[in-house]
Amino acid sequence: MADSSFDIVSKVERQEVDNALNQAAKEISQRYDFKGTDASIAWTGEKILMQASGEERVLAILDIFQSKLIKRGISLKSLDAGEPQLSGKEYKLFASIVEGISQENAKKVAKTIRDEGPKGVKAQVQGEELRVSSKSRDDLQAVQALLKEKDFDFAIQFVNYR
């Protein structure tokens, strides 16, 4: 019998991020505490730009956006937000969506699987993802449970389970 396998990836569905951003923009335009502050959130290329008249307002926009991401099932570990910066009379905050598992993070996950996972489970780095294979499907499920317990500083998903 052939080995069973699955891939560990770090991907974010762009449409869900778009939907969360649009919901946040709508809430900002309707909320009383943002009236007359020129508060906005929008895409600028690959980054998300949040701007408002005050630093606490920009952080409030970030908080709204984060709550919308959570409601859409997107991990906040995939959101990389900077610090508010004063630009003229406005504060701006740039955030980006992080996708892909870096080589060092993939090595961390592979080491965890080797050290704490069941015997006979192999993990190999393939670009920005990690392929985990084993003869036993039960071992693969044990690896998934182990990785869900661990709190990595990046988001992971399991795909291509076969």
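Sequence positions are assigned chain by chain, starting from 1 and proceeding in written order. Thresholds applied to this predicted model are a pLDDT of at least 70 for local features of residues and 80 or more for the giving and counting of side-chain atom pairs; totals over whole chains, interfaces and linings are not thresholded and use all residues. Hydrogens are left out, water is left out, and the side-chain values use all remaining heavy atoms of the structure.

(A) Fine view of the pattern of salt bridges. Any Lys or Arg side-chain nitrogen located within 4 Å of an Asp or Glu carboxyl oxygen qualifies as a salt bridge. Counting across every chain of the model gives 11 salt bridges. The residue Lys68 makes a salt bridge to Glu27 at a minimum N-O spacing of 2.9 Å. One end of the pair, Lys68, is in helix H2 (residues 55-71); the other, Glu27, is in helix H1 (residues 14-30), with 41 residues separating them in the sequence. Per-residue accessibility, obtained with a 1.4 Å probe over protein chains only, is compared with the maximum for each type, and a residue is labelled buried under 20%, exposed over 50%, and partly exposed between these values. We classify Glu27 as partly exposed; its relative accessible area is 23%. For Lys111, the salt bridge is made with Asp115, and the minimal N-O distance between the two is 2.7 Å. Secondary structure is summarised from DSSP: a helix means a run of H or I of at least four residues, a strand means a run of E of at least two, and numbering begins at the N terminus for each.

(B) Representation of the environment of Asp139 within the structure. Checked against the element boundaries, Asp139 lands in helix H4 (residues 137-149). Judged by its relative accessible area of 22%, Asp139 falls in the partly exposed class. When neighbours within four sequence positions are excluded, Asp139 is seen to be in contact with Pro118, Lys119, Val121 and Ser134. Pairs of residues are marked as contacts when any of their non-hydrogen atoms sit within 4.5 Å.

(C) Representation of the pairing of strand S8 (residues 129-134) in the model. Two strands qualify as a pair provided that DSSP identifies no fewer than 2 bridges between them. Judged from the five bridges that link them, strand S1 (residues 4-9) and S8 form a sheet pairing that is antiparallel. From the neighbouring strand, Phe6 faces S8, where its bridge partner is Val132. Where strand S7 (residues 122-126) and S8 come together, five bridges link them in antiparallel fashion. Note that in S8 the partner of Ala123 across the bridge is Val132.

(D) Quick peek at the side chain of Gln51. Relative to the assigned elements, Gln51 resides in strand S3 (residues 47-52). Residue Gln51 is classed as buried on the basis of its relative accessible area, which comes to 17%. In contact with Gln51, other than residues within four places in its own chain, are Asp38, Ala39, Ser40, Val58, Ile61, Glu90, Tyr91 and Lys92.

(E) Structural context of the packing of aromatic side chains. Put simply, two rings from Phe, Tyr or Trp (the six-membered ring, in Trp's case) pair if the centres are within 6.5 Å, and we call them stacked under 30 degrees between planes, edge-to-face over 60, tilted for the rest. According to the stated counting rule, one finds three aromatic pairs in the structure shown. Here the aromatic rings of Phe6 and Phe158 are separated by 5.5 Å at their centres, their planes lie at 90°, and the arrangement is edge-to-face. Placement of the pair is Phe6 in strand S1 and Phe158 in strand S9 (residues 157-159), with a sequence separation of 152 residues. Classification of Phe158 by relative accessible area gives partly exposed; the value is 23%. Ring pairs connect the aromatic residues Phe6, Phe158 and Tyr161, which therefore count as one cluster. Placement of a charge over a ring requires the Lys NZ or Arg CZ to be within 6 Å of the ring centre, with the centre-to-atom vector within 35 degrees of the ring normal. A cation over a ring is seen here: Arg14 above Trp43, with NZ or CZ 3.8 Å from the ring centre.

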